[in-house]
Amino acid sequence: MFYEFCTIPWRSYSAGIWCSSSLNAKTIEGIEVHIPKPDEQAAIATVLSDMDAEIEALEQRRTKTADLKQAMMQELLTGKTRLVPLEGTDA
């Protein structure tokens, strides 16, 4: 509904800058708004809910990865863990 409301060309219903607006209840009642059928709305809601769940899972994974990185950096900075170069590499 919000998207539909935003796509209505409201300025085209105005009489002009210097005139009083012609946007009134009768004009608004004549504006056609397209709303999906209930089964289509349910399908859209399902897809959006699935996307929300996936985003939440990705955010949790990102948080865990950032925490692990922070812990590993702390161990490197304190000297608890040392990095040893692989054989045959220039390090």
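**Some words on the overall build of the protein chain**
Then step 1. Within the protein chain, the regular secondary structure consists of three helices and zero strands.
Then step 2. Moving toward the C terminus, one meets the helices and strands of the protein chain in the order α-α-α.
Then step 3. Within the span of the protein chain, comprising 91 residues, buried residues form 2% of the whole.
Then step 4. As presented, the protein chain carries roughly 8,800 Å² of accessible surface, and 60% of it is formed by carbon and sulfur atoms.

**So, the environment of I28**
Then step 1. Of note, I28 is situated in helix 2 (residues 25-29).
Then step 2. Once the C-alpha coordinates of I28 and Y13 are considered, the two residues, 15 residues apart in sequence, prove to be 9.1 Å apart.
Then step 3. With residues near it in sequence (within four places) discarded, I28 still touches W10 and L23.

**As for a nonpolar patch on the surface**
Then step 1. A surface patch of nonpolar side chains, amounting to about 430 Å² of accessible area, comprises I44, V47, L48, M51 and I55.
Then step 2. By the element assignment, I44 lies in helix 3 (residues 38-78).
Then step 3. Judged by relative accessible area, which is 39%, I44 ranks as partly exposed.

**Section: helix 3**
Then step 1. Taking 1.5 Å per residue, 41 residues should reach 60 Å; helix 3 reaches 60 Å between its end C-alpha atoms and fits that length.
Then step 2. In the segment just after helix 3, G79 is the residue with positive phi, at about 85°.

**Some details on the confidence of the model for the protein chain**
Then step 1. Per-residue confidence for the protein chain gives a mean pLDDT of 85; residues scoring 70 or more make up 88%.
Then step 2. When pLDDT is averaged over each element of the protein chain, helix 3 comes out on top at 96 and helix 2 at the bottom at 79.

What counts, and where the lines are drawn
Residues numbered from 1 in each chain as written. Predicted model: local features only at pLDDT ≥ 70, side-chain atom pairs only at ≥ 80, totals over all residues. Heavy atoms only, no water. Helix = DSSP H or I, 4+ residues; strand = E, 2+ residues; numbered from the N terminus. Buried < 20%, exposed > 50% of the residue type's maximum accessible area, 1.4 Å probe, protein only. Areas by Shrake-Rupley, 256 points an atom, 1.4 Å probe, with all protein chains shown as cover. Contact = heavy atoms within 4.5 Å. Patch = residues over 30% accessible without salt bridge, like charges linked within 9 Å, V, L, I, M, F, W, Y side chains within 5 Å. Salt bridge = Lys/Arg side-chain N within 4 Å of Asp/Glu carboxyl O. Expected span 1.5 Å × (residues − 1). pLDDT = per-residue confidence, 0-100.

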